[in-house]
Amino acid sequence: QVHLVESGGGLVQTGGSLNLACAHSGEPLRRNTMAWFRRLPAKEREFVAGVGGSGDTVYADSVNGRFTVSRDNTEGVLRLQMNDLKFEDTAVYYCAARHVSGPWVLRPPGEYAYWGQGTQVVVSS
């Protein structure tokens, strides 16, 4: 069993920064790909950034250069540093993990078995 809990969301002005954290407990996830997704208002859940079991990172084009994903396997935390936030980044952000180990960072939400409850990010213009 895996338990994921996100934190760090909130209200920020355009151009500001937030640092999201996802604390995971239960089965070890050291070699499992973990990722951040977001659900914009009235839209499907979309991939934001992920880190594979070998440490490789992948970003959506819309956040590349502004967001940084990292993981600390010792502390059991996945982070998402978000800089230069834009109004269109407003969404509920979810942490997710695959149920198998491996280096691949996959984008479809269906590839991830474990999900957190989400944390709201609101960027005001």
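Predicted model, so just to flag it, every value in this text is computed and none were measured.

1. Examining the overall build of the chain
Okay, step 1: When its secondary structure is counted, the chain shows zero helices and eleven strands.
Okay, step 2: Seen in sequence order, the chain has helices and strands lined up from the N terminus as β-β-β-β-β-β-β-β-β-β-β.
Okay, step 3: What you see for the chain is a C-alpha radius of gyration of 13 Å, in line with the 14 Å of a compact globule of 125 residues.
Okay, step 4: Reported as C-alpha extents along the three principal axes, the dimensions of the chain are approximately 40 × 25 × 25 Å.

2. A look at the environment of proline 28
Okay, step 1: Among the secondary structure elements, proline 28 is positioned in the loop between strand E3 (18-26) and strand E4 (32-39).
Okay, step 2: Spatially, the C-alpha atoms of proline 28 and valine 2 are 8.2 Å apart, while their sequence positions differ by 26 residues.

3. Brief notes about unusual backbone geometry
When glycine is set aside, most residues are seen to have a negative phi, and most peptide bonds are trans.
Okay, step 1: Positive phi, normally seen in glycine, also occurs at alanine 42, with a value near 65 degrees.
Okay, step 2: With respect to the element layout, alanine 42 can be found in the loop between E4 and strand E5 (45-51).
Okay, step 3: Using a relative accessible area of 89% as the deciding quantity, one classes alanine 42 as exposed.
Okay, step 4: The phi dihedral of aspartate 84 falls on the positive side, at around 50 degrees, and the residue is not glycine.
Okay, step 5: Among the secondary structure elements, aspartate 84 is positioned in the loop between strand E8 (77-82) and strand E9 (91-101).
Okay, step 6: You can call aspartate 84 partly exposed: its relative accessible area is 42%.

Scoring rules and cut-offs
- Residues numbered from 1 in each chain as written.
- Predicted model: local features only at pLDDT ≥ 70, side-chain atom pairs only at ≥ 80, totals over all residues.
- Heavy atoms only, no water.
- Helix = DSSP H or I, 4+ residues; strand = E, 2+ residues; numbered from the N terminus.
- Rg over C-alpha atoms; globule rule 2.2 N^0.38 Å.
- Buried < 20%, exposed > 50% of the residue type's maximum accessible area, 1.4 Å probe, protein only.

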